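Chain and residue survey
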Amino acid sequence: MKTLRQLLPLLIAIVLLVAFFAFFVPGGRFLTVSNLLDLTQQISINAILAFGMTLAILIGGIDLSVGAVVALAGTVAVAVLPHAGWAGAAVAGMGTAAAFGLVNGTCAAKTRMPPFIITLATMLVARGTALRFNEGRPLPVPDSETVFLNLGNARLFGVVPVPALIMLGAFALTALLLHRTAFGQHLYAIGGNREAARYVGIPLARRETTVYVLCSLLAGLAGLIHSSQLYSAEPAAGQGFELNAIAAVVVGGTSFTGGIGTMPGTLIGAVIIGILDKGLNQAGVHFSLQYIIKGLVILGAVWLDVRRRK
Amino acid sequence: MLLRLNAVTKRFGGIVALDRVDFELRAGEIHALLGENGAGKSTLIKILGGIHRPDAGEILHNDQRIEIHDVAAADRLGIRLIHQELSLAPNLSVAENVFLGREPQRCGLLDRRRMFREAEQLRDELGLPEIGDVRMRVSELSVARQQLVEIARALSVKARVLVLDEPTASLSEAETERLFVILRQLRAQGVGIIYISHRLEEIQRLADRITVLRDGHSVGTQTAAELSQTELIRWMVGRELREHYPRPPWMPGAVALTVRHLRNAQVNDVSFELRYGEVLGFAGLVGAGRTELAQTLFGILPADGEILVDGRAVTIRQPSDALDAGIVLVPEDRKRKGLVMTDSLGFNLALPWTRAGHVNPSRRAEIVNRAVRDFSIKATGPEQPVVSLSGGNQQKVVVAKWMERQPKILILDEPTRGVDVGAREEMFGIIRRAVEQGMAVLLISSDLPEVMNLSHRLALYRDGRIVHETPSQAITAEEVMAELTRN
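Bear in mind the structure is a predicted one, so any value in this text is a computation, not a measurement.

Here we come to the packing of helix H2 (residues 33-58) of chain A against helix H10 (residues 241-251) of chain A. All names here are of chain A. Here H2 crosses H10 at 70°, and the two axes come no closer than 8 Å. Here H10 runs roughly perpendicular to H2, going by the angle between their axes. Handedness of the H2/H10 crossing: right-handed. Contacts between H2 and H10 involve Asn46, Ala47, Leu49, Ala50, Met53, Thr54 and Ile57 from the first element and Phe241, Asn244, Ala245, Ile246, Ala248 and Val249 from the second.

Below, the structure written as structure tokens:
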């Protein structure tokens, strides 16, 4: 109940945005079932990244490397695909992502380097590694790999996009983890009062490392979906994805100082960002203006949130 | 013997926090640990809690030599700490905090229902109804209630050794009494209790034995009944109280500062006058709101009401307004509010003069040299990082950086907190000199003998207001205490 009350302003924002675009998108093309289903498909990658980002920001950290990890995991997976099949590709892609998460997490937990800098560095390393493959050219996914291609493009019963289902699955798991397990409690404690968490004997290093591994794993998952959607692995894909994910997280009410935030909030944040992107596009707003409007909406949302907490 | 420390030593960098300290705790006793700030009490209990490791010496538990590697190890030994700084997670509920680190689970998921039920049970068993709804988020509770949550958490596990660091600092009298009842019950059950407090009267009522630490050494251990309060104070400070506080000469001049009906969320209709050449002391308990008053006068917190300097009304909306009016503040938390810890001595001393972005090198050298000489700041040179100065010298830097401005009104908020005895004396000297130079001094201190003996007039402060104002020599410490702790 309490959570619902906190999320109410965001839900109202969604209703207002939908109403706005229903009115302003020509021909009533916005508020149709097929358009909204497309929307769920389009927000799924950003939402999956945002779930992981929520965990990182909640403990007072950040992960700037997710966008580059999307590209690298996709590239590795597609490179492996002809040799090891879709399962091998998934393992290779996710494994690569997890390795980056492990490096991020270990550095954050064991050294005093700030996560911003650590993940800025690993972002460059991941991006560079992705570009080494095939000399930076895209790797096409063979048409015979139907399972892999279904990951990003199929629709359940011909209606519900598979990426949206994966996104909902990731939401359920991360929400369960954050709100219904001891692990989740520990993240709130670490973000809210790090010393306190230490004093009650929470293993900070292990928790912190796990958060970054999870964040990277979700980025790896997003990378598989993304390369499937594109029918090829693009080493230059995923640029700026980390910023879009951060935007969803903060619009969803997670505090940058740590210790405050919820997974449902992030989901709603990702939906709001997605509606804005799609709606502005369909309303025919020039792309330059789209950036400006999106920036102002983020600023306004966070300002309202900060004011409400005071 | 439940616990025994033999010749335990702990160093932090070059500073010896504990120097071959012996300490013992029996099962079923309340053992008070006393000492001034920085005497080593916190270090000692953090060693017991597995937060610090000793550099030398040994710890015996039931006459067995043990190592307390980490918090979990302390937990296994049944050692529970209640820290002075609140160590709760603000965004979790009371129950979630009580069970933090050992949450009840079912099939790998949190069992919130059981958590809430057991937290309610615990609250009722301990007789602490003031804790209230265990589903409330901790950040929404008052500090006193948070403190009770902390106590409940420590008692939620069967403790064999319970360590309390100033648990009553923010508790009401009724809550304090309730805590004492609980502690006596635990003592009867054979729990060994280490109790740290600055309230001597409280300790003499509660404790069986008393150990006093001073500058990292153990001064001695004595049965509480055999140790008078005077003797106790002598153990703590190492000399008679009387010679410890030279009151500055009283040379009252014109009225420097007039405050009329000052009020905001923290300041509750405060009016007073302060003359040149006098020290007005603000006595109160921690949390009475004196720091907020100082911040209001210095323009950090906005307020309604009138402030007059030299009889002329001034508008203070930000610290630069206060500086222009001749008011300076030496804030309570010097590391966070008084100094740029990442920079040098010279940088910090010259900071008030770099408002325009630049101070010329020869002017800066002149400021720094004068400050170092006038305040006998012990440093290798102007380039020494302030972080490597001792607490006392850091505090001198905070005061000295203002003096070049020749302020009219000097506000000192807890100027002797966390500095050693020698630096404390020097701080007294600084106050004396300020008065002799004709400044008006507003002194806030939670150290009752200090504020009573250094000030000429005393304002007793409680709940954001002045409840009584008197010449310092016309009131006894007992009367002051009674007034401050009245509900």
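Bringing the pairing of strand E20 (residues 440-445) of chain B into the picture now. Residue and element names in this part refer to chain B. Most of E20 sits out of view: 6 of its 6 residues are buried. The two faces of E20 match: Ala440, Leu442 and Ile444 on one face and Val441, Leu443 and Ser445 on the other face are all buried. As paired elements, strand E15 (residues 279-283) and E20 share 5 bridges and run parallel to each other. When the bridges of E20 are listed, valine 279 appears paired with valine 441. Here strand E19 (residues 409-413) runs beside E20; their pairing, made up of 5 bridges, is parallel. Bridge pairing in E20 links leucine 412 to leucine 443.

This next bit is on the nonpolar core. Formed by 161 residues in total, the largest nonpolar core has its most connected members in Leu49(A) and Leu218(A). Of the residues forming this core, the biggest block, 22 residues, is contributed by helix H3 (residues 66-110) of chain A. Core analysis: the second largest hydrophobic core is formed by 70 residues, Tyr276(B), Ile316(B), Leu345(B) and Val398(B) among them.

Residue and element names in this part refer to chain B. In the Ramachandran plot, aspartate 63 falls in the positive-phi region, its phi being about 65° despite a non-glycine side chain. In this structure, aspartate 63 sits in the loop between strand E4 (56-61) and strand E5 (64-66). For aspartate 63, a count of 8 C-beta atoms within 10 Å puts it in the exposed group. Even without being glycine, histidine 261 reaches a positive phi, approximately 50°.

Residues and elements named next belong to chain A. Relative to each other, H3 and helix H9 (residues 204-230) sit at 150°, their axes nearing to 7 Å. When the axis of H3 is compared with that of H9, the two are roughly antiparallel. Crossing of H3 against H9: the hand is right-handed. Looking at side-chain class alone, the contact of H3 with H9 contains 26 nonpolar, 14 polar and 2 charged residues.

Side chains of residues three or four places apart in an α-helix project in the same direction, reflecting 3.6 residues per turn. All names here are of chain B. Compared with an ideal rise of 1.5 Å per residue, which puts 15 residues at 21 Å, helix H4 (residues 112-126) spans 21 Å between its outermost C-alpha atoms and is within 8% of the ideal. Regarding H4, the residues found buried are Met115, Ala119 and Arg123. For H4, the angular spread of the buried residues around the axis is 70°, confining them to a single face. With respect to the buried face of H4, the exposed residues turned more than 90 degrees away are Arg113, Gln121, Asp124 and Glu125. Residues of H4 that are buried sit in contact with helix H3 (94-98) and helix H5 (143-155).

A word on the domain arrangement of chain B. Domains assigned within chain B are domain 1 (3-239) and domain 2 (243-485). When each unit is reduced to the centre of its C-alpha atoms, the spacing between domain 1 of chain B and domain 2 of chain B is 33 Å.

Once that is clear, we can look at the environment of Lys378(B). All names here are of chain B. Tracing the backbone through its elements, the reader meets lysine 378 in the loop between helix H13 (361-374) and helix H14 (391-403). Given 13 C-beta atoms within 10 Å, lysine 378 falls into the partly exposed group. When the C-alpha atoms of lysine 378 and phenylalanine 347 are compared, they prove to be 16 Å apart, with 31 residues separating the residues in sequence.

A separate point is the interface of chain A and chain B. Facing the 17 residues of chain A at the interface are 19 residues of chain B. Listed by contribution, the elements that provide at least two residues to the side of chain A that touches chain B are helix H7 (182-192) and helix H8 (194-199) of chain A. With 5 residues, H7(A) is the largest single contributor of residues to the side of chain A that touches chain B. Among the residues making up the side of chain A that touches chain B, the classes are represented as 9 nonpolar, 6 polar and 2 charged.

About the thresholds
- Numbering of residues begins from 1 in every chain and follows the order in which that chain's sequence is written.
- Chain A is the first chain written and ligand 1 is the first ligand written, with later ones labelled in order.
- Owing to the predicted nature of the model, reporting of local features is limited to residues with pLDDT of at least 70; listing and counting of side-chain atom pairs is limited to 80 or more, with chain, interface and lining totals taken over all residues.
- Helix axes are fitted to C-alpha atoms over the stretch in contact, other axes to C-alpha atoms as well, and angles between N-to-C directions run from 0 to 180 degrees.
- Helix and strand assignments follow DSSP, with helices taken as H or I runs no shorter than four residues and strands as E runs no shorter than two, numbered in order from the N terminus.
- Working definition: roughly parallel below 35 degrees, roughly antiparallel above 145 degrees, roughly perpendicular at 65 to 115 degrees, and oblique for all remaining angles.
- Take the far helix as your reference; a near helix turned counterclockwise from it by less than a right angle gives a left-handed crossing, and one turned clockwise gives a right-handed crossing.
- Contact definition: two residues whose C-beta atoms, as placed from backbone geometry, lie within 7 Å.
- Residues with at least 20 other C-beta atoms within 10 Å of their own are called buried, those with 12 or fewer are called exposed, and the rest are partly exposed. The C-beta atoms themselves are positioned from the backbone.
- Pairing between strands is defined by DSSP: at least two bridges between the two strands are required.
- Each nonpolar core comprises buried Ala, Val, Leu, Ile, Met, Phe, Trp, Tyr and Cys residues, the members being joined through C-beta atoms within 7 Å.
- Residues were grouped as follows: Ala, Val, Leu, Ile, Met, Phe, Trp, Tyr, Cys and Pro as nonpolar; Asp, Glu, Lys and Arg as charged; and all remaining residues, including Gly, as polar.
- Helix span is expected to be 1.5 Å times the residue number reduced by one.
- The arc in question is the one traced by the directions running from the helix axis out to the C-beta atoms.
- Residue ranges assigned to the domains are those given by an automatic or database domain assignment.

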